[in-house]
Amino acid sequence: MLYSTILGIESSCDDTAVAIWHRGKILANITASQAIHREYGGVVPELASRAHQSNIIPTLQHALKKAQMEVADIDAIAVTQGPGLMGSLLVGLNTAKGLSLALKKPLVGVNHLQAHVAALYLEEPQPAFPILVLLVSGGHTQLILVSDYSEMKIVGTTLDDAAGEAFDKAAKLMGLPYPGGPQIEKCASLGDPNAFTFPKAKVPGFDMSFSGIKTALLYFLRNETEKNPNFLEHHLSDVCASFQQSIADYVADKTRKAIEAYKPRSIAIVGGVSANTSLRIRWQELAREYSLQCLIPSFEYCTDNAAMICMAGHFLLEKEQLLPLDALPFSKS
Ligand code: KG4
Ligand code: ZN
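What counts, and at which threshold
Residues numbered from 1 in each chain as written. Chains lettered and ligands numbered in written order. Predicted model: local features only at pLDDT ≥ 70, side-chain atom pairs only at ≥ 80, totals over all residues. Heavy atoms only, no water. Phe/Tyr/Trp six-rings, centres within 6.5 Å; stacked < 30°, edge-to-face > 60°. Helix = DSSP H or I, 4+ residues; strand = E, 2+ residues; numbered from the N terminus. Buried < 20%, exposed > 50% of the residue type's maximum accessible area, 1.4 Å probe, protein only. Lys NZ or Arg CZ within 6 Å of the ring centre and 35° of its normal. Donors = N, O, S within 2.8 Å, 3.2 Å for Na, K, Ca; no water. Tetrahedral: all angles 85-135°; square planar, octahedral: opposite > 155°, others 65-115°. Pairing = 2+ DSSP bridges. Right-handed = clockwise from strand over helix to strand, strands pointing away. Salt bridge = Lys/Arg side-chain N within 4 Å of Asp/Glu carboxyl O. Near = heavy atom within 4 Å. Polar contact = N/O pair within 3.5 Å; in protein donor to acceptor, adjacent residues only side chain to side chain. Areas by Shrake-Rupley, 256 points an atom, 1.4 Å probe, with all protein chains shown as cover. Axes fitted to C-alpha atoms, helices over the stretch in contact; angles between N-to-C directions. Contact = heavy atoms within 4.5 Å.

Student: Mind laying out the packing of aromatic side chains, listing which residues take part and the relevant values?
Tutor: Counting across every chain of the model gives 13 aromatic pairs. The interplanar angle of 20° and the centroid separation of 5.4 Å between the aromatic rings of Tyr149 and Phe315 together place this pair among those described as stacked. Placement of the pair is Tyr149 in the loop between strand E7 (141–148) and strand E8 (151–157) and Phe315 in helix H9 (residues 307–318), with a sequence separation of 166 residues. By relative accessible area, which is 28% here, Tyr149 ends up partly exposed. By way of ring pairs, the aromatic residues Phe167, Phe196, Phe198, Phe220, Phe231 and Phe243 are connected into one cluster. Arg280 extends its terminal NZ or CZ atom over the ring of Phe299, reaching a point 4.1 Å from the ring centre.

Quick look at the structure:
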């Protein structure tokens, strides 16, 4: 192990996160979430970068205190380089560059999506490779075949919205606050998942599409509300449960096809939507059906966090793939 203590910084969207990794253990994993976006029903980039600017140093100090360390104890720094919102990324990247310069410690730039996959290595059991990973977040949905700790290939991707985005947009249509995924899950727990059906997009191969299901929900709600203006009030939990089940069925069907084609030894779900309990249960069932190992990160490592940045950074540091100080953030994957 070249570097024993890694500071991780994540600021790609609306969470300012700092973590400290020491010899394979996470000593601190602190996230400052930004409530300000709730009233706008989605992330406002300019407000996000300003909030990162206010939160980054207190979050760093909080993480150091939790780990009972001084900044000088850090051996290396890992930071999210992209993809993400440009103004948000700049805050984390520039803080990391400043620390790297001041402390004379190496810096690595982490790909946020690869870091979601690296969240799988933070906890036991260690995976049996290859792993077929479904990455489901607010900005991305991909099926990824992971052949080794830092070797991966995208085998399917959404052609339009991400799964998390579909949850967020559906929640907005139903008047639920942002982020919509956890809100839909909460309402769904009281509803009947078979009450309504929403059509699945027909996309060839392992690619996916989520914009149709959102539009189907829009027309469905419009029709039902015309017939009964109080429809949503009386059926919110059934609509949420049915919508959640439709998304889970869709991604599970795609994954089933990919399991048959790629014959992995493990399956996994990562990213914010993997915090969804019904999806987690579905993955455990899928793994049992095919006798595969099932890997799902703990809740704190599903949504955006800096522990996963430390983990992905560790592999870059071991290969000495360092980031030069003139490196820029990237907004697209
Ligand atoms: O990975 P993440 O924290 O940020 C991105 O990289 O995008 O994912 C955020 C997404 C949001 O769309 C949010 O609604 C969704 O994850 N999400 C959920 C749940 N918790 C978060 N979706 C469904 N069920 C949940 N419990
Ligand atoms: Zn993410």
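Student: Give me the coordination of the zinc ion (ligand 2): which residues, what numbers.
Tutor: Distances from the zinc ion (ligand 2) to its protein donors, His112 (NE2), His116 (NE2) and Asp304 (OD), fall at 2.0 to 2.1 Å. Metal-centred angles of 94 to 145° between the 4 donor atoms at the zinc ion (ligand 2) mark the site as irregular. Mapped onto the polypeptide sequence, the residues donating to the zinc ion (ligand 2) form the spacing pattern H-x3-H-x187-D. Linking His112 in helix H3 (residues 112–118) with Asp304 in the loop between strand E10 (293–295) and H9, this pair joins segments that are 192 residues apart in sequence.

Student: How would you explain the pairing of strand E9 (residues 266–270) if you had to name every residue and give the values?
Tutor: Most of E9 sits out of view: 5 of its 5 residues are buried. Where burial is concerned, the two faces of E9 agree: the one with Ser266, Ala268 and Val270 and the one with Ile267 and Ile269 are both buried. Where strand E6 (residues 131–136) lies against E9, 5 bridges are found, and the strand directions are parallel. Within E9, the residue paired with Val133 across the bridge is Ala268. With helix H8 (residues 277–290) bridging E9 and the parallel E10, this β-α-β connection has right-handed handedness.

Student: With reference to specific residues and values, describe the pattern of salt bridges.
Tutor: Enumeration over the complete set of coordinates arrives at 9 salt bridges. In this structure, Glu46 engages Arg50 in a salt bridge whose closest nitrogen and oxygen atoms are separated by 2.7 Å. Linking Glu46 with Arg50, this pair stays in helix H1 (residues 45–67), spanning 4 residues, or about one helical turn. On the basis of relative accessibility, which here comes to 46%, the residue Glu46 falls in the partly exposed class. Taking the relative accessible area as the measure of exposure, Arg50 reaches 54% and is therefore exposed.

Student: Now, about the site of ligand 1: what can you tell me, with residues and values included?
Tutor: The local shell around ligand 1 holds 19 residues, among which Gly138, Asp168, Glu185, Gly272 and Asp304 are the closest. The separation between an oxygen atom of ligand 1 and a polar side-chain atom of His112 is 3.2 Å. At 2.6 Å from a nitrogen atom of ligand 1 is found a side-chain nitrogen or oxygen belonging to Glu185. About the coverage of ligand 1: the protein hides 90% of its 550 Å² of free accessible area.

Student: Tell me about the sheet that holds E10, and please be specific about residues and values.
Tutor: Pairing within the open sheet is mixed, and its 5 strands lie in the order E8-E7-E6-E9-E10. Each having just a single partner strand, E8 and E10 make up the two edges of the open sheet. Across the sheet, the mean angle from the axis of one strand to that of its neighbour is 20°, orientation sign disregarded. Relative to E8, E7 runs antiparallel, the two sharing 6 bridges. Its bridge partner being in E8, Leu145 is matched across the sheet by Lys153. H8 rests against E6, E9 and E10 of the sheet, and its axis sits at about 170° to E9.

Student: Break down the sheet that holds strand E1 (residues 5–10) for me, with residues and values.
Tutor: Reading across from one edge, E3-E2-E1-E4-E5 is the order of the 5 strands in this open sheet, with mixed pairing throughout. Taken across any chain shown, the strands that pair with only one partner, and hence form the sheet edges, are strand E3 (25–33) and strand E5 (107–111). Within this sheet the neighbouring strands show an average axis-to-axis angle of 20°, counted without direction. Pairing analysis gives 5 bridges linking strand E4 (residues 76–82) to E5, with the strands arranged parallel. Bridge pairing links Thr80 to Val110 in E5. Strands E1, strand E2 (15–22) and E3 of the sheet are contacted by H1, whose axis makes an angle of about 25° with E2.

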